[in-house]
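Report on the structure
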Amino acid sequence: MTSADPAVRLDAITKSFGGRRVLNQVTLEVPEGCGFVILGRSGTGKSVALRHIIGLVRPDAGSVFVHGTDITELEGTELAEVRKQVGFLFQSGALFDSISVGENVAFPMRRHTRLADAEIRQRVQSKLDSVGLGSDYDKMPGDLSGGMRKRAGLARAMALDPRILLVDEPSAGLDPITSEEIDELLLGLKQNQKTTLVVVTHNIPSARKLGDQLVMLDQGRSVAQGTVEELEQSDNELVRAFMSSSHAG
Ligand SMILES: Nc1ncnc2c1ncn2[C@@H]1O[C@H](COP(=O)(O)OP(=O)(O)O)[C@@H](O)[C@H]1O
Ligand SMILES: [Mg+2]
């Protein structure tokens, strides 16, 4: 890895499921420290693209680079090492419902570090504080509101202080105000911890706030890439229509 390496690079990735092509020669580059937004209609391959970045899905053709490392063929401990640098906030929050909020955040620390219990407890508390759940360590996920679950998922995704955070539809299922609060937390990570963000959303206000660079996918292809202003002036009518919609969620 050199300092010139982007945080993430998808190099002409193509992926089919059951003979249906979901991603078609998608190339994109996420500079280190960037807020990168993936836009597009439902079913157009956004989540599949995101999953490639942590090797949950492998491309049929093309390569995936994380901080300059080609992860396309990596397995086992090598892939695990790369994954530690990449946090993932799933759409549902994906919390374990049978353990407390605090233990959810502690889980990656117990699994991937040899930190002592007291140290873990302290780090978890600081993660929970940072997302406004400082007094919710012992609550069960089932007792949280949607916004709180998302915050807890964010605390867990950040448990190992990854340099890259992937976020799949942070606004989904949240009211606009709660959704804005989540955006503020994400923005804070980018600004204060220099975390690189890759965010899938079709919430345009959120895309405007978080997106230094954006890509729009349509039917598995990248149809536009650039800043908000560049996408607003795209030659592609769908891209312009998308950018001018106020559709949230
Ligand atoms: N593991 C999988 N097996 C089969 N089909 C899948 C799988 N993952 C995604 N797909 C299909 O790929 C297409 C794109 O999915 P996705 O990336 O989730 O879309 P979105 O842009 O809404 O996030 C959808 O038609 C979806 O059904
Ligand atoms: Mg999706």
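So, a few notes on the structure that sits alongside this text. (Residues numbered from 1 in each chain as written. Chains lettered and ligands numbered in written order. Predicted model: local features only at pLDDT ≥ 70, side-chain atom pairs only at ≥ 80, totals over all residues. Heavy atoms only, no water.)

1. Details of the packing of helix α3 (residues 101-112) against helix α5 (residues 146-157)
The following threshold applies: For helices, the axis comes from a line fit to the C-alpha atoms of the stretch in contact; other axes are also lines fit to C-alpha atoms, and the angle between any two N-to-C directions lies between 0 and 180 degrees. Strands here mean DSSP runs of E at least two residues long; helices mean DSSP runs of H or I at least four residues long; both are numbered from the N terminus. The cut-offs work like this: below 35 degrees is roughly parallel, past 145 is roughly antiparallel, 65 to 115 is roughly perpendicular, and the gaps in between are oblique. A clockwise turn of the near helix away from the far one marks a right-handed crossing, whereas an anticlockwise turn of less than a right angle marks a left-handed crossing. For this analysis, residues touch if any pair of their heavy atoms sits within 4.5 Å. Polarity classes work like this: nonpolar for Ala, Val, Leu, Ile, Met, Phe, Trp, Tyr, Cys and Pro, charged for Asp, Glu, Lys and Arg, and polar for all others, with Gly in that last group.
Across the interface, α3 lies against α5 with an axial gap of 8 Å and an inter-helix angle of 25°. By the angle class used here, α3 and α5 are roughly parallel. The interaxial crossing formed by α3 with α5 has right-handed handedness. Note on element contacts: α5 touches α3 through Ala 152, Ala 155 and Arg 156, opposite Val 101, Asn 104, Val 105 and Pro 108. In terms of residue class, the contact of α3 with α5 is built from five nonpolar, one polar and one charged.

2. Focus on the side chain of Asp 168
Basically, it comes down to this: For every residue, the accessible area (1.4 Å probe, protein chains only) is compared with the maximum for its type, and the residue is labelled buried under 20%, exposed over 50%, or partly exposed between those bounds. Two residue types count as positive, namely Lys and Arg, and two as negative, namely Asp and Glu; His and chain ends fall outside the count. By definition, a salt bridge exists where a carboxyl oxygen of Asp or Glu is found within 4 Å of a side-chain nitrogen of Lys or Arg. We call two N or O atoms a polar contact when they sit within 3.5 Å, provided that within protein one can donate a hydrogen and the other can accept it, with sequence-adjacent residues counted only if both atoms are side-chain atoms.
Looking at where Asp 168 falls in the secondary structure, it is placed in strand β7 (residues 164-168). Although Asp 168 is buried, it makes no salt bridge; Arg 51 carries the closest opposite charge, 4.8 Å away. One polar contact links Asp 168 to Ser 47, side chain to side chain, over a distance of 2.7 Å. Those residues in contact with Asp 168, other than ones at most four positions away along the chain, are Ser 47, Leu 50, Phe 88, Leu 89, Phe 90, Gln 91 and Val 200.

3. Notes on the packing of α3 against helix α4 (residues 117-130)
It is the contact of α3 with α4, at a shortest axis distance of 9 Å, that shows an interaxial angle of 120°. It follows that α3 is oblique to α4 by the angle criterion. In this structure, the crossing between α3 and α4 has a hand that is right-handed. Between α3 and α4, the contacting residues are Val 101, Gly 102, Val 105, Ala 106, Met 109 and Arg 110 on the first element and Asp 117, Ile 120, Arg 123, Val 124, Lys 127 and Leu 128 on the second. Tallied by class, residues from the contact of α3 with α4 come to seven nonpolar, one polar and four charged.

4. Structural notes on the sheet that holds strand β8 (residues 196-200)
Put simply, the rule is: When DSSP finds two or more bridges between two strands, those strands count as paired.
Pairing within the open sheet is mixed, and its six strands lie in the order β6-β7-β8-β3-β9-β10. Each of the sheet's edge strands pairs with one partner strand only, and the pair in question is β6 (86-89) and β10 (221-226). The sheet shows a mean angle of 15° between the axes of neighbouring strands, direction not considered. Looking at chain direction, strand β9 (residues 213-218) and β10 are connected through five bridges and run antiparallel. Across the sheet, residue Asp 218 finds its bridge partner in β10, namely Arg 221. Where helix α6 (residues 176-193) meets the sheet, it contacts β3 (35-39), β7 and β8, and its direction lies at approximately 165° from that of β7.

5. Some points on the pattern of salt bridges
Scanning the entire structure with this criterion turns up 15 salt bridges. Of the charged contacts, one joins Lys 15 and Asp 60 as a salt bridge, the two residues approaching to 3.5 Å between their closest N and O atoms. Here Lys 15 is found in strand β1 (residues 8-17), whereas its partner Asp 60 is found in the loop between α1 (46-53) and β4 (61-66), with 45 residues between them in sequence. A salt bridge links Asp 218 to Arg 41; the nearest nitrogen and oxygen atoms lie 3.4 Å apart. Here Asp 218, found in strand β9, pairs with Arg 41, found in the loop between β3 and α1; they are 177 residues apart in sequence, far enough to count as distant.

6. A closer look at the site of ligand 1
To be explicit about the condition: Only a single heavy atom is needed: when it lies within 4 Å of a molecule or strand, its residue is near that molecule or strand. All accessible areas in this document rest on Shrake-Rupley with a 1.4 Å probe, and a residue is counted as covered only by the protein chains that are shown.
In the vicinity of ligand 1, the contacting residues are Phe 17, Arg 20, Val 22, Arg 41, Ser 42, Gly 43, Thr 44, Gly 45, Lys 46, Ser 47 and Val 48. Within the side chain of Arg 20, a nitrogen or oxygen atom sits 2.8 Å from an oxygen atom of ligand 1. Burial of ligand 1 by the protein chains amounts to 58% of its free accessible area of 560 Å². Only β2 (20-30) and α1 provide two or more residues apiece to the shell around ligand 1. Ranked by residues supplied to the shell around ligand 1, first place goes to α1 with three residues. Class assignment for the residues of the shell around ligand 1 results in three nonpolar, five polar and three charged.

Treat this as a map of the structure, not an account of what it does.
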